[in-house]
Amino acid sequence: MKKSNSKTKEPVFSADDGYVKMFLRGRPITMHLPDGLKGSYSLETKAQLPEQKLKLQWVYGYRGRDCRSNLYLLPTGEIVYFIASVVVLYNVEEEQQRHYLGHNDDVKCLAVHPDMVTIATGQVAGTSKDGKQLPPHVRVWDSVSLNTLHVVGMGVFDRAVTCVGFSKSNGGIHLCAVDDANDHIMSVWEWQKEKKLAEVKCSNDAVLSANFHPMDSNLILTCGKSHLNFWTVEDSTLTKRQGLFDKHEKPKYVLCIAFAENGDAITGDSSGNMCIWGKGGNRISHAVPGAHEGGIFSLCVLKDGTLVSGGGKDRRVVLWDRDYQQQQELEVPEMFGPVRSLAEGKSDSLFVGTTRNAVLQGSFSGELSPIVQGHMDELWGLDSHPSMEQFVTCGHDKLVHLWDVATHKPLWTKVIEDGARSAGFHPSGSVVAVGTVTARWLVLDTGTADLVSVHTDGNEIISNVKYSPDGNYLAVGSHDNFIYVYAVTENGKKYSRVGKCTGHSSFVTHLDWSKDSQYIVSNSGDYEILYWNSSNCKQVTNADTVRNLEWASSTCVLGIGVFGIWPDGADGTDINAVCSSHDRKLLATADDFGKVQLFSNPCSQPRAPSYSYGGHSSHVTNVAFLHDDTQLLSTGGKDMSLLQWRVV
C-alpha cells in the first residue's frame, strides 16, 4: 500500500449549508451539522483531552492454541501466562490480576528465572502506526515491580522469538532464545550485559522448546520436528549431538522436555511415547511407550519428584511415580480441548493450560475446573447488557459467551453452527441477537441461552444486529450492502420482516438508531453515510430532516459527532469501531494498530487529541462501555483477547 499523498486534504466547513466535508483517501464525506452548532462551529476550535482515563483491569483468555510452556506458578501465589501483547499475573485465590505491558506485539514465549522473580518474554515482529517495523526481541523484567530490567536482541532476531530459557545451575546468568528464521537460529546471551555469546542454526523445521540442563549450564536441549538435540556451549561455539532413538520408534515430533531430579531428561513425543535420556547422555535409558494416545504436549516434574504428563488427543493428565509407573489420572473436559501446558500449584493442586485457550485448576483427588476462559479464533462480536453487569462476546470459533463482570467468568457458553461476527442485546435484556459469517442470524434467551429464533438474510456476513431503543425493531446490517429491518414483538421472541434498506453501494459496516426509533443511520465500506426511515425502509435524503436527530448510540465511525477520531493520512479501514459512554462524555475507538483510544465526546473537531492504550496485538475489532460506564470492554481480532478497562 503506497502512501504517495500521506497528507490528507484538509476538511471544509460550509456555514451556509451547515456541513463539514472531510476526506478519507481523497474521498469526500459530507456531515451535516445540527442547527444548534451551525452558528458557532469552527474547524479551528481545539478539542480537549477527555477528563477520564483507562486502566487495564482484567484480561480474558490465554494463548494456548499455538504457544507452549507458557504457564507457571510464582512464589507470590500468581500464575503467569500471556495472551496478545499482555503478560498476565493472576492471583486465583484473591481474584486479582496484574499486567506486564512492556511488549508492543504478540508475546510468543515465556521463561522464569531460577530466582522465581525475574521473567523473560519474547515477542514477534510488529508494525507501528506509520508502517515502521518493530523488531522482535526478548524483555527481561521483574515480576514483583513489573519493571523492565533488560531488552535483549533488538535487531538480531528474525520474525519472532519462539523459545526462551534461563540457565539454572550458574545462577541463571545465561539466556537462550530461538527465533523464527528459516534456519531457526538459537542464540545464547549474557542477559544482564545484553551481550550475545554464541549462535547457531538450530533446525530447518520448527523448534518447539529450548532448555538449559538444570545441572550443567553448558548444555542446552532443543526439540521439534523429528529432532532432539543436545548442544554444548564452549566459548562462542555451540556443538550438536543428536538424540539417538536406536531401537525405539523415532517420532515425527519431539514435543516437550522436562528434567528429573537426578538430571535425566524426559521427552514427550507425537506418538504418545515418553523417553528418559540418562543424565547428559544422548541415548534412551528407559522408555514408556504409549503413555498417551496421541501426542504428549507437556511434562512437569513436581517438587516431590513425581511426574505429570498432559495428552493432546486423549486430553488426559497422568501422574507417574519416580519409576515411571502410572499412579492416577484426570481428564480435561472436551469443551476445553487438549492439554498444552502444566504447572504445579500449591499443596496438591495443578494448573492446566489447554489448546482451546483455557486454564483449569484441580487435583488428582478431585476434578479440573476452569479459571481462565476466552475465545480461540478471530473475535468481533461484543455488546454490553442494557442494565446488568454482563456482556456478550462471539467469534469465528462459533462460541457465544455471556460474561459476568464480577467473576470474569461466563454465565453460559453456547456453541452455534456458524462463526459469529456481531451481537446486540434487546433493550429489555431478555434476549440477545447474534449475526454470523454465513448470513444467518439468531436470537438467544439471555437467561437460558436457548435458541429463540433463527433467520437468514442474503448470503454474506451479518456485520451488525441492533435493536431500536423502544425494542420494537431489529436492524440487521449485511455485507451484501443491505440493511434488513424486522418488527419485534413479545419482548424479543417474535420477528417479522418489515423490508430492506437498499442504497449502499458497498457492505454495511456500522449502524445506529435515533432515540425515537424512527430513523437509522449507517456507514459502508466505501465511506458513505446514509439515513433511513425504519417504518418503510426508505432512504432519507433531506439534510434538514436528519441534521437535528438525536442518536441513541454512536457506533458509526463516520459522522459529525465522531469525525475528530480520524488521524492525519488515515485509511477509512484504520478504525474498526467506536462507541460513546452512556453519559455521552467519552468516546472510545478500536483501531488497526492494536490500540484502544479514548476521546472527549462529541468529537467534532479535526484530529482530536486522545489517550492511547496498548494490550491488544492485532486489529482491535470492537469496544463497548458497560451500562454504568464504570468499565470499557475491547476485543482483539486475531489475538483472540478480551480486555476490560476501568474508567478512572
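**Focus on the overall build of the protein chain**
- Helices and strands together make up the secondary structure of the protein chain, namely two helices and 56 strands.
- Relative to the 2.2 N^0.38 estimate, which gives 26 Å for 648 residues, the radius of gyration of the protein chain is 27 Å and therefore close to what a compact globule would have.
- Counting only residues that meet the buried cut, the protein chain has 60% of its 648 residues in that class.
- In the protein chain, the share of contacts with a sequence separation of at least 24, taken over all contacts with a separation of at least 6, comes to 47%.
- Approximately 25200 Å² of the protein chain is accessible, and the part contributed by carbon and sulfur atoms is 47%.
- Distance between charge centroids for the protein chain: 4 Å, based on 60 positive and 73 negative side chains.

**With respect to the sheet that holds strand E31 (residues 339–344)**
- What the four strands build is an open sheet, ordered E31-E32-E33-E34; its pairing is antiparallel. The open sheet has two edge strands, E31 and strand E34 (369–372), and neither has a second partner. Recorded for the sheet is a direction-independent mean angle of 30 degrees between the axes of neighbouring strands.

**Quick notes on the nonpolar core**
- Counting 44 residues, the largest nonpolar core has Ile79 and Leu632 as the members making the most contacts within it.
- If one sorts the elements of this core by residue count, strand E4 (residues 54–60) sits on top with five residues.
- If we ignore the near neighbours within four places in the chain, the residues touching leucine 632 are Leu54, Cys579, Ala588, Val596, Val623, Ala624, Phe625, Leu643, Gln644, Trp645 and Val647.

**As for the pattern of salt bridges**
- Under the defined criterion, the tally for this structure stands at 28 salt bridges.
- Put simply, aspartate 512 and lysine 466 hold a salt bridge, and the shortest N to O gap is 3.8 Å. Here aspartate 512, found in strand E47 (residues 508–513), pairs with lysine 466, found in strand E43 (residues 462–467); they are 46 residues apart in sequence, far enough to count as distant.
- Linked by salt bridges that have partners in common, Glu10, Asp568 and Arg607 make up one network.

**Describing the environment of serine 298**
- As for its position among the elements, serine 298 is in strand E27 (residues 296–301).
- What makes serine 298 buried here is its relative accessible area of 7%.
- Considering only alpha carbons, one finds serine 298 and tyrosine 473, 175 residues apart in sequence, at a separation of 51 Å.
- Filtering out sequence-adjacent residues up to four positions away, serine 298 remains in contact with Cys256, Val308, Ser309, Gly310, Val339, Arg340, Ser341 and Leu342.
- There is a polar contact of 3.2 Å between the side chain of serine 298 and the backbone nitrogen of leucine 342.

**Quick look at the confidence of the model for the protein chain**
- Across the protein chain, the average pLDDT comes to 95, with 99% of residues at 70 or higher.
- In the predicted structure, residues 1–5 sits below a pLDDT of 50 and forms four contacts with residues beyond four places in sequence or in another chain.

**With respect to the packing of aromatic side chains**
- A full pass over the atoms with the stated rule returns 18 aromatic pairs.
- Seen in terms of ring centroids, tyrosine 100 and tryptophan 141 are 4.2 Å apart; in terms of plane orientation they differ by 0 degrees. Their pairing is stacked. Of this pair, tyrosine 100 sits in strand E8 (residues 96–100) while tryptophan 141 is found in strand E13 (residues 138–142), placing the two residues 41 residues apart along the sequence.
- Ring centres of phenylalanine 166 and tryptophan 191 lie 5.8 Å apart, and the angle between their planes is 75 degrees; this geometry places the pair in the edge-to-face category.

**Brief notes about the side chain of threonine 355**
- Here threonine 355 shows up in the loop between strand E32 (350–354) and strand E33 (359–362).
- Note on threonine 355: relative accessible area 13%, which makes it buried.
- Residues in contact with threonine 355, not counting those within four places in the same chain, are Gly64, Arg65, Phe297, Phe336, Gly337, Pro338, Val339 and Arg340.

**Focus: the side chain of glutamine 123**
- Looking at the secondary structure, you find glutamine 123 in strand E10 (residues 118–123).
- Accessibility expressed as a relative area gives 0% for glutamine 123, which makes it buried.
- When near neighbours in sequence (up to four residues on either side) are disregarded, glutamine 123 contacts His103, Asn104, Asp105, Asp106, Val107, Lys108, Pro135, Pro136, His137, Ala160 and Val161.

**What to know about unusual backbone geometry**
- Omega for the peptide link from asparagine 601 to proline 602 comes to -5 degrees, which places this bond in the cis form.
- Along the polypeptide, proline 602 turns up in the loop between strand E52 (596–600) and strand E53 (611–613).
- The residue tyrosine 527 is not glycine, and still its phi comes out positive at about 65 degrees.
- Structurally, tyrosine 527 can be placed in the loop between strand E48 (519–524) and strand E49 (529–533).
- The buried category is assigned to tyrosine 527, whose relative accessible area is 13%.

**Brief notes about the sheet that holds strand E56 (residues 642–647)**
- Taken together, four strands build an open sheet; the order of strands is E4-E56-E55-E54 and the sheet is antiparallel. Of all the strands in the sheet, just E4 and strand E54 (620–625) have a single pairing partner and so form its edges. Between one strand axis and the next, the sheet turns by 25 degrees as a mean value, whatever way the strands run.
- Sheet topology places strand E55 (residues 631–636) next to E56; five bridges connect them, and they run antiparallel.

**Considerations on the environment of phenylalanine 336**
- Within the secondary structure, phenylalanine 336 sits in the loop between strand E30 (326–331) and E31.
- The buried category is assigned to phenylalanine 336, whose relative accessible area is 7%.
- In this structure, the C-alpha to C-alpha distance between phenylalanine 336 and valine 359, residues 23 residues apart in sequence, is 8.5 Å.
- If we ignore the near neighbours within four places in the chain, the residues touching phenylalanine 336 are Thr354, Thr355, Arg356, Ala358, Leu360, Pro370 and Gln373.

**A look at the pairing of strand E44 (residues 473–478)**
- Most of E44 is tucked away: six of the six residues are buried.
- By the alternation rule, side chains of E44 split into Tyr473, Ala475 and Gly477 and Leu474, Val476 and Ser478, which are all buried.
- Note that E43 and E44 share five bridges and pair antiparallel. Following the sheet pairing, asparagine 464 is matched in E44 by glycine 477.
- Taking the residues that link successive antiparallel strands as the turn, the E43-E44 hairpin has five residues, and the phi of glycine 471 there is positive, at about 80 degrees.
- Relative to strand E45 (residues 483–489), E44 runs antiparallel, the two being bridged by five bridges. Along E45, the bridge assignment pairs alanine 475 with valine 485.
- As consecutive antiparallel partners, E44 and E45 are separated by four residues, and within that stretch asparagine 481 has a phi angle of approximately 80 degrees, a positive value.

The rules behind each value
Residues numbered from 1 in each chain as written. Predicted model: local features only at pLDDT ≥ 70, side-chain atom pairs only at ≥ 80, totals over all residues. Heavy atoms only, no water. Helix = DSSP H or I, 4+ residues; strand = E, 2+ residues; numbered from the N terminus. Rg over C-alpha atoms; globule rule 2.2 N^0.38 Å. Buried < 20%, exposed > 50% of the residue type's maximum accessible area, 1.4 Å probe, protein only. Contact = heavy atoms within 4.5 Å. Areas by Shrake-Rupley, 256 points an atom, 1.4 Å probe, with all protein chains shown as cover. Lys, Arg positive; Asp, Glu negative; His and termini not counted. Charge placed at Lys NZ, Arg CZ, Asp CG, Glu CD. Pairing = 2+ DSSP bridges. Axes fitted to C-alpha atoms, helices over the stretch in contact; angles between N-to-C directions. Core = buried A, V, L, I, M, F, W, Y, C linked by side-chain atoms within 4.5 Å. Salt bridge = Lys/Arg side-chain N within 4 Å of Asp/Glu carboxyl O. Polar contact = N/O pair within 3.5 Å; in protein donor to acceptor, adjacent residues only side chain to side chain. pLDDT = per-residue confidence, 0-100. Phe/Tyr/Trp six-rings, centres within 6.5 Å; stacked < 30°, edge-to-face > 60°.

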